[in-house]
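What follows is the residue order along each chain.
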Amino acid sequence: MNDGGRMGSGCADGSRRGLPRRAFVGVLGLGLAACAAPPSGGGSATETSAPAAPSLPPIPAAVPGRSVTVFSGPPDGSRIALTVDDGTCADCVAGYVDFAQRSGIHLTLSPNGTYAHEWEPHATTLAPLVAAGQVQVMNHTFSHPKLTTLPDAGVRAELARNEDWVQRVFGITTRPYYRPPYGVHDERVDGIAAAEGWTRSVLWNGSYSDSTTITPEFLMSQAEKYLTPGRIVLGHANHPTVLGLFDRIADLIRQRGLSPVTLDEMFGTSRATGTA
């Protein structure tokens, strides 16, 4: 996702890619995946059962509706939605996954299936976070084209192919959210998407401006400017600059008393229905 300046260890068992939904396991503590520790001290033969892993809802059928463009969240309160697009950089994807796991910060990921090689190795680690609602996945198309340049069938195919990939790898639907690549969309594209159940076109009103390589100082200046209540903040898993800044970003969020939430949490939507 190129913003173009526009504002608008996993302990789960199983290592194969494309982890099926029923293989998602893990336990969650304070928003983080954790393993049940073996008994210490050796004094008791009584086993303590680990809490059951959160379960994923069945993937719902598409629910068509009216298209709504989403730029921002409610400005009152402390909520902020951090979104992460693309995934061209394997180390950056790994860094964001680790950041979510160790910090407990809620994220909405917007991966393109064409970067499956970068994302799929982390399916097992992300599984309990996705199941618990800490991490959400929205549709950003499979190959990141400008949707306005495609025929109707091409728009549908890009969204459907990415949805199929997300369902296979993460076990959830992306509906009702999609983010048009480059933020480029129009009434025709939104109408096609909405007819297939992607009724919310997600833009942003804050950005790290890291769709190209930038300095750490500039990225942090953008974070300081835009990490405020009600923002939908755009970041990218494409360039390594962010890798050395996760702790500083987390500190800024904490200092400002912000509550990072997913889009589901910000707008009251649900993975169980794929709708509002």
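The rules behind each value
- Residues numbered from 1 in each chain as written.
- Predicted model: local features only at pLDDT ≥ 70, side-chain atom pairs only at ≥ 80, totals over all residues.
- Heavy atoms only, no water.
- Disulfide = S-S within 2.5 Å.
- Buried < 20%, exposed > 50% of the residue type's maximum accessible area, 1.4 Å probe, protein only.
- pLDDT = per-residue confidence, 0-100.
- Contact = heavy atoms within 4.5 Å.
- Helix = DSSP H or I, 4+ residues; strand = E, 2+ residues; numbered from the N terminus.
- Pairing = 2+ DSSP bridges.
- Right-handed = clockwise from strand over helix to strand, strands pointing away.

## Some details on the state of the cysteines
This model, assessed by the stated rule, comprises one disulfide. Each disulfide pairs two cysteine sulfurs, and for C89 the partner residue is C92, the sulfurs being separated by 2.4 Å. Disulfide C89 to C92: torsion about the S-S bond roughly 75°, handedness right-handed. Take C89 and C92: they sit in the same class, and that class is buried.

## Some words on the confidence of the model for the protein chain
Per-chain confidence: the protein chain averages 86 in pLDDT, with 81% of residues scoring 70 or above. Across residues 4–48, where pLDDT falls below 50, the model places 80 contacts with residues more than four positions away in sequence or in other chains.

## Let's talk about the pairing of strand β4 (residues 79–86)
Judged by how many residues are buried, β4 sits mostly within the fold: seven of eight residues are covered. Where β4 meets strand β11 (residues 259–260), two bridges bridge the pair, whose relative direction is parallel. Pairing of R79 across the sheet is with S259, part of β11. Summarising the sheet, β4 and strand β10 (residues 232–236) pair through five bridges and their orientation is parallel. Within β10, the position partnered with A81 by the bridge is I232. Where β4 lies against strand β5 (residues 107–111), four bridges are found, and the strand directions are parallel. When the sheet's bridge partners are listed, D85 is paired in β5 with S110. Considered for its hand, the β-α-β crossover made up of β4, helix α1 (residues 90–103) and β5 is right-handed.

## Regarding the sheet that holds strand β3 (residues 68–70)
Read across the open sheet, the three strands follow the order β3-β8-β7; overall the sheet is parallel. Two strands in the sheet have a free side with no partner beyond their single neighbour: β3 and β7 (177–178). Both β3 and strand β8 (residues 200–202) contribute to a ladder of three bridges, which runs parallel. Across the sheet, V70 pairs through a bridge with V202, a residue of β8.

## Focus: the pairing of β10
Among the five residues in β10, five count as buried, and that is most of the element. The alternating pattern of β10 places I232, L234 and H236 and V233 and G235 on opposite faces, both of which are buried. Alignment of strand β9 (residues 206–207) against β10, held across two bridges, turns out to be parallel. Among the inter-strand pairings, G206 is bridged to a residue of β10, identified as V233. Taking the sense of rotation as the criterion, the β-α-β connection linking β9, helix α6 (residues 216–226) and β10 turns out right-handed.

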